[in-house]
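Report on the structure
Now for the letters of each chain:
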Amino acid sequence: MIQPLPGLLSGAWAAAHPAALEGGAVRTWGEFRLAAGRVAAQAREAGGERWLLACEGAWDFATGLAGLLRAGRTVVVPPNFLPETLARLGMEAHGSLRGAPAAGPALEDGPLTGSVVFATSGSTGEPKGIPRTLAQLDAEVALLEASFGGFPPGTPVAGTVPHQHIYGCLFRVLWPLASGRPFLAAPCGDPASFLTAMALAPVLVSSPAHLSRLLRILDLEALPGHPLAIFSSGGALDRADALAWLERIPAGVVEIYGSTESGGIAWRRQGEASGSEAWTVLPDVGVTVAEDGALVVTSFRAGPSPLRMADAAALAPDGTFSLLGRLDRTIKLEEKRVSLPELEAALEAHPRVTRASVVLLVGARPLLGAAVVLAEGCGEGEEGEGEGEGEGERRRALVESLRRHLAQRFEPVAVPRRWRFPAALPCDGSGKVTLGLVAGLFQGTRP
Amino acid sequence: MGMMITPLEIKTFIIETLGLEDLTPEAIGDDDPLFAGGLGLDSIDALELGIALRRRYQVQAAGDDPGTREHFASVNALVAYVSQHGADAPA
């Protein structure tokens, strides 16, 4: 059974039914409604249409989201909780919720209205907000239950992915709430909490970054319990890794392809069978391929007009498709969406930087490299002369300053690990800076 | 089973494993937090380190030990952990 999202607080689940598990303790639906009601009362009292939901814990996030929607607010969900991100989004909002109010009056249970805006990295250098109506989120949850659900109520849902991105928000929080399955409030991405979570035989919401690595640290045969189902999203799971999980977990890994803008588009379960690496579109989705190769998606959840994805795709006669790679400069690094133009713009805002180019360096582990041209008088010793002791120190101090600058608003994975300071960015014959030439700066060890 | 390992070795190991080419061992304090701020590492880095520890020092980085996260807290914590649970990888 599934409770439509607008009626989430209207009493589908008994007050004693578990809503979440937090540090070994059960949080009930009674507690959930009370906490959400307090947030709703606070938001009504304070007024203001647009609220920033800056709760780092999934329980506070879930009750905060339900409460703000109960008050009919537009809820802005930040991509991370870094100081500059929260300051920027906070300035555009009328109110900000940092944690659940501990006490105070609670608004009575009633229908949820309002909408959600996922703040995310844009492809053009400017961060943007992606609005999702409650109806779209509700359609998403209903589709997930119809396509992949059916686990008994009470099955816990554990996740290694952040709750504030749309995938984690839907799979770790909203779908469990709507289906009466308690969600684990703490993420279980590290080996110790992963093992603790697996003992509950949960539904596992994960990503290739975690699934491929946990496989290499843990002995899957010795897991204290088996997940009932494994979901993975944010990027493609290596076929070898998918097969390794399938060997131990009979249900295998269901991969979901989608984006914040489109919602879920397609799924696959890689197995021994050939063709199992192709993506099958979800039942309410239509796909075509544009002239330049981009996948174009049509569905109620994606919005009123066809949505052009930034991924190239090839359609097969049977209606499945394969993905051929990104078409823009927004990349996925460990499933985090990273806009290279946004990083470059942020670097160029640093007082010592005149130009910057950021490239993805492929290797055993993909990393970002930044080539930075310094302002006059800030030369760093890569212009021929040998690197003296003081020079190495100056370089380290400079890199540290640039890293700190970026860390104010970018997550660790998006802060470049490799740095080069050429006198000018490398150009091709027509004077155009090409990414291939920039990437060439990073070959070998640094000079 | 145990082995001797120094803070310097662990620092070099961290720098090599995570590709932190602009960092020197001297820049990492023995008790600096590795993951909360400090070096700007995240949970994926912790997993990478776990995989590399298992490969290099035969440490079963997760196992049934609920204290795993504390072992990764600092260089000194890692030294103690590897000294206690590690073994030299067979050549």
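Residues numbered from 1 in each chain as written. Chains lettered and ligands numbered in written order. Predicted model: local features only at pLDDT ≥ 70, side-chain atom pairs only at ≥ 80, totals over all residues.

The next point concerns the overall build of chain B. Each helix and strand counted, chain B has four helices and zero strands in total. Its helices and strands in sequence order give chain B the pattern α-α-α-α, from N to C terminus. Each of the 91 residues in chain B was classed as buried or not, and the buried ones make up 36%. Of the contacts formed within chain B by residues at least 6 apart in sequence, a portion of 66% connects residues at least 24 apart. (Helix = DSSP H or I, 4+ residues; strand = E, 2+ residues; numbered from the N terminus. Buried ≥ 20, exposed ≤ 12 C-beta atoms within 10 Å, placed from the backbone. Contact = placed C-beta atoms within 7 Å.)

All names here are of chain A. Structurally, chain A comprises domain 1 (5-326) and domain 2 (331-440). Inter-centroid distance (C-alpha atoms) of domain 1 to domain 2 is 33 Å. On the side of domain 2, 13 residues touch domain 1, which itself brings 18 residues to the contact. Among the elements of the structure, α3 (83-91) and α7 (208-217) are those that each provide at least two residues to the side of domain 1 that touches domain 2. The leading source of residues in the side of domain 1 that touches domain 2 is α3, at three residues. (Domains from an automatic or database assignment.)

Residue and element names in this part refer to chain A. Direction of pairing for strand β19 (residues 330-333) relative to strand β20 (residues 336-339): antiparallel, over a ladder of four bridges. By the bridge assignment, Thr330 is partnered in β20 with Ser339. Counting the residues that bridge the hairpin from β19 to β20 gives two residues, and of these Glu334 lies at a positive phi of roughly 50°. (Pairing = 2+ DSSP bridges.)

Glancing now at helix α6 (residues 191-198) of chain A. For α6 of chain A, the tally of buried residues reaches six of eight residues, placing the bulk of the element in the interior. The complete set of buried residues in α6 of chain A reads Pro191, Ala192, Phe194, Leu195, Ala197 and Met198 of chain A.

Moving on: the nonpolar core. All names here are of chain A. Ranked by size, the top nonpolar core spans 139 residues in total, and within it Leu53, Leu68, Val75, Val76 and Leu174 carry the most contacts. The residues that make up this core include at least three from each of domain 1 (5-326) and domain 2 (331-440). When residues no more than four places from it in sequence are discounted, the contact partners of Leu53 are Phe61, Gly64, Leu65, Leu68, Val75, Val76, Val77 and Leu97. (Core = buried A, V, L, I, M, F, W, Y, C linked by C-beta atoms within 7 Å.)

With 25 residues of chain A at the contact, the number on the chain B side is 23 residues. Looking at the side of chain A that touches chain B, the elements with two or more residues in it are α6, α7, α10 (389-407) and β23 (418-420) of chain A. Among the residues making up the side of chain A that touches chain B, the classes are represented as 13 nonpolar, one polar and 11 charged. (Nonpolar A, V, L, I, M, F, W, Y, C, P; charged D, E, K, R; others polar.)

Here chain A averages 89 in pLDDT, and 94% of its residues register 70 or above. Scored below 50 in pLDDT, residues 381-386 of chain A makes eight contacts in the model with residues more than four places away or belonging to other chains. (pLDDT = per-residue confidence, 0-100.)

Attention shifts here to the environment of Gly440 of chain A. Relative to the helices and strands, Gly440 of chain A is located in helix α11 (residues 435-440). The spatial distance from the C-alpha of Gly440 of chain A to the C-alpha of Pro426 of chain A is 9.2 Å, given a sequence separation of 14 residues.

Time to look at the sheet that holds strand β6 (residues 115-120) of chain A. Residue and element names in this part refer to chain A. Ordered in space as β5-β3-β4-β6-β7, the five strands form an open sheet in which the pairing is mixed. Strand pairing shows two members of the sheet lacking a second neighbour, β5 (95-97) and β7 (128-133), which therefore form its edges. Taking the axes of each pair of neighbouring strands and ignoring which way they run, one obtains an average angle of 25° across the sheet. The sheet contact formed by strand β4 (residues 74-77) and β6 spans four bridges and is parallel. Counterpart to Thr74 in the pairing with β6 is Ser115. (Axes fitted to C-alpha atoms, helices over the stretch in contact; angles between N-to-C directions.)

So, about unusual backbone geometry. Residue and element names in this part refer to chain A. Phi angles above zero are rare outside glycine, and Ala201 is one such case at about 50°. With respect to the helices, strands and loops of the structure, Ala201 is situated in the loop between α6 and β10 (203-206). Residues other than glycine seldom take positive phi values, yet Glu334 does so here, at roughly 50°. Mapped onto the elements of the fold, Glu334 is located in the loop between β19 and β20.

All names here are of chain B. Where helix α1 (residues 7-18) meets helix α4 (residues 75-85), the closest approach of the two axes is 9 Å, and the angle between their N-to-C directions is 105°. As summarised for this structure, α1 and α4 are arranged roughly perpendicular, according to the angle between their axes. Seen from α1, the contacting residues are Pro7, Ile10 and Lys11; seen from α4, they are Val75, Asn76, Leu78 and Val79. (Parallel < 35°, antiparallel > 145°, perpendicular 65-115°, else oblique.)

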